[in-house]
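Architecture and fold: a report
One letter stands for each residue in the lines below.
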Amino acid sequence: MQKKELLYEGKAKKVYRTDDPGLYIVSYKDDATAFNGLKKGTIVGKGVVNNQMSNYMFRLLEKQGIPTHYVEELNERETAVKRVSIIPLEVIVRNKAAGSLSKRLGLPEGTGLKSPVLEFSYKNDELGDPMVNDYHILAVELATREELDQIAEMSLNINRLMVDFFKTVDVDLIDFKLEFGKTSDGEIILADEISPDTCRFWDGTTGEKLDKDRFRRDMGGVEEAYAEMMRRLGLK
Ligand code: TMP
């Protein structure tokens, strides 16, 4: 497989065409942004962590029956993935209150939730990824009813699998964001990444934050937190 031209550059990743029409190459950057690009910085080595950790998680989920875009890790920053069109939704699953949910509902961070919360945002930087519900999604045709039901079921399944997995490495999975894509056959598969950029990971014993909130909130120890997550997964 040969890497061809750059198709798309996002805030944290680049996507390249390849000579295989069914495959793209994703390249993970060290660039970090927060608050819809308002805060910018670099997290040294983040691209390597996010590539390797995402691939670890995709392989784990595939083994448990979740279809993903993962094909093959090419090097420490780059991975071959199935070509999909991304469904323009950010799917957020929450197990404990934190971040924007804590603000919206006035719940201290770490407050337990009786059941997981599923949220959708319309993936649109210009609009700041506004939260939408099923009615918005169907009305403006971001997804069909069938697609939305499938995305919701897959996301809650992924949550159960990830909560159980992270428990085994003493990490409390507070919340995370997923994105899904559609293949040329119309199959919906998990895409994007699963990393400290897109999940809240708290140490299961001390509650220490091991994710991008350290960057968002200027807490220091950012690179160390990403490295610690790699160690927990046995990747370092
Ligand atoms: P929030 O509490 O800020 O809404 O974030 C919920 C989860 O989604 C958290 O794990 C971080 C992740 N997230 C992203 O991956 N990308 C984003 O742009 C935002 C706002 C959150």
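Residues numbered from 1 in each chain as written. Predicted model: local features only at pLDDT ≥ 70, side-chain atom pairs only at ≥ 80, totals over all residues. Heavy atoms only, no water.

**A few points about the site of the ligand**
- Neighbouring the ligand are 14 residues, the closest being Arg94, Ser100, Asp175, Lys177 and Arg200.
- Note that an oxygen atom of the ligand is positioned 2.8 Å from one of the side-chain N or O atoms of arginine 94.
- Between the ligand and aspartate 175 there is a distance of 2.5 Å, counted from an oxygen atom to a side-chain nitrogen or oxygen.
- For the ligand, the accessible surface in isolation is 450 Å², of which the surrounding protein chains cover 75%.
- Elements supplying a minimum of two residues to the shell around the ligand: strand 9 (89-96), helix 2 (99-105), strand 12 (171-182) and strand 14 (199-203).
- When its residues are assigned to classes, the shell around the ligand shows four nonpolar, three polar and seven charged. (Near = heavy atom within 4 Å. Polar contact = N/O pair within 3.5 Å; in protein donor to acceptor, adjacent residues only side chain to side chain. Areas by Shrake-Rupley, 256 points an atom, 1.4 Å probe, with all protein chains shown as cover. Helix = DSSP H or I, 4+ residues; strand = E, 2+ residues; numbered from the N terminus. Nonpolar A, V, L, I, M, F, W, Y, C, P; charged D, E, K, R; others polar.)

**Topic: the UniProt feature "domain: SAICAR synthetase/ADE2 N-terminal" (unreviewed entry) in the protein chain**
- UniProt records the feature "domain: SAICAR synthetase/ADE2 N-terminal" (unreviewed entry) at residues 6-232, using the numbering of this structure.
- For residues 6-232, the end-to-end C-alpha separation is 33 Å, with 30% helix and 34% strand making up the annotated structure. (UniProt positions renumbered as here; feature names shortened; annotations may be inferred.)

**Observations regarding the environment of serine 115**
- Relative to the assigned elements, serine 115 resides in strand 10 (residues 112-122).
- We classify serine 115 as partly exposed; its relative accessible area is 44%.
- In this structure, the C-alpha to C-alpha distance between serine 115 and aspartate 30, residues 85 residues apart in sequence, is 35 Å. (Buried < 20%, exposed > 50% of the residue type's maximum accessible area, 1.4 Å probe, protein only.)

**Looking at the nonpolar core**
- Formed by 38 residues in total, the largest nonpolar core has its most connected members in Leu89, Ile158, Met162, Phe166, Phe180, Ile194 and Phe201.
- Sorting the residues of this core by element identifies helix 1 (46-63), strand 9, helix 4 (145-167), strand 12, strand 13 (188-191), strand 14 and helix 6 (222-232) as the ones contributing at least two each.
- Element by element, the count of residues in this core is highest for helix 4, at seven residues.
- With residues near it in sequence (within four places) discarded, methionine 162 still touches Met57, Leu61, Leu173, Phe176, Ile194 and Cys199.
- Judged by nonpolar contacts, the second largest core, of eight residues, contains Val49, Phe215, Val222 and Tyr226. (Core = buried A, V, L, I, M, F, W, Y, C linked by side-chain atoms within 4.5 Å. Contact = heavy atoms within 4.5 Å.)

**Thoughts on the side chain of serine 121**
- Within the element layout of this structure, serine 121 appears in strand 10.
- Aside from chain neighbours lying at most four places away, what touches serine 121 is Pro88, Leu89, Glu90, Ile92, Asp129, Pro130, Met131 and Val132.

**Thoughts on the environment of threonine 183**
- Take threonine 183: it is sitting in the loop between strand 12 and strand 13.
- Looking at threonine 183, the relative accessible area reads 14%, which means it is buried.
- Note: C-alpha distance between threonine 183 and alanine 227 (44 residues apart in sequence) is 33 Å.

**A word on the packing of helix 1 against helix 4**
- Axis separation between helix 1 and helix 4 bottoms out at 11 Å; the angle between their running directions is 115 degrees. Taken as axis vectors, helix 1 and helix 4 run roughly perpendicular relative to one another. In the packing of helix 1 onto helix 4, the handedness of the crossing is right-handed. Residues Met53, Tyr56, Met57, Leu60 and Leu61 of helix 1 touch helix 4, and the partners they reach there are Ile158, Leu161, Met162, Phe165 and Phe166.
- Here the residues of the contact of helix 1 with helix 4 sort into 10 nonpolar, no polar and no charged. (Axes fitted to C-alpha atoms, helices over the stretch in contact; angles between N-to-C directions. Parallel < 35°, antiparallel > 145°, perpendicular 65-115°, else oblique. Left-handed = near helix turned anticlockwise from the far one by under 90°.)

**Comments concerning the pairing of strand 2 (residues 13-18)**
- Sheet topology places strand 1 (residues 3-9) next to strand 2; four bridges connect them, and they run antiparallel. Within strand 2, the residue paired with glutamate 9 across the bridge is lysine 14.
- In textbook terms, the turn of a hairpin is the stretch between consecutive antiparallel strands, and for strand 1 and strand 2 this stretch comprises three residues.
- What sits between the antiparallel neighbours strand 2 and strand 3 (residues 23-28) is a turn of four residues. (Pairing = 2+ DSSP bridges.)

**Section: helix 4**
- In this model, helix 4 (23 residues) spans 33 Å end to end at C-alpha, consistent with the 33 Å of a helix rising 1.5 Å per residue.
- Residues of helix 4 that are buried: Glu147, Leu148, Ile151, Ala152, Met154, Ser155, Ile158, Asn159, Met162, Phe165 and Phe166. (Expected span 1.5 Å × (residues − 1).)

**Observations regarding the packing of helix 1 against helix 6**
- The interhelical angle for the contact between helix 1 and helix 6, taken along N-to-C directions, is 30 degrees, at an axis separation of 10 Å. Classed by the angle they form, the pair helix 1 and helix 6 counts as roughly parallel. Two packed elements cross with a definite hand, and for helix 1 against helix 6 that hand is left-handed. Where helix 1 approaches helix 6, its residues Lys46, Val49, Asn50, Gln52 and Met53 are matched on the opposing element by Tyr226, Met229 and Met230.

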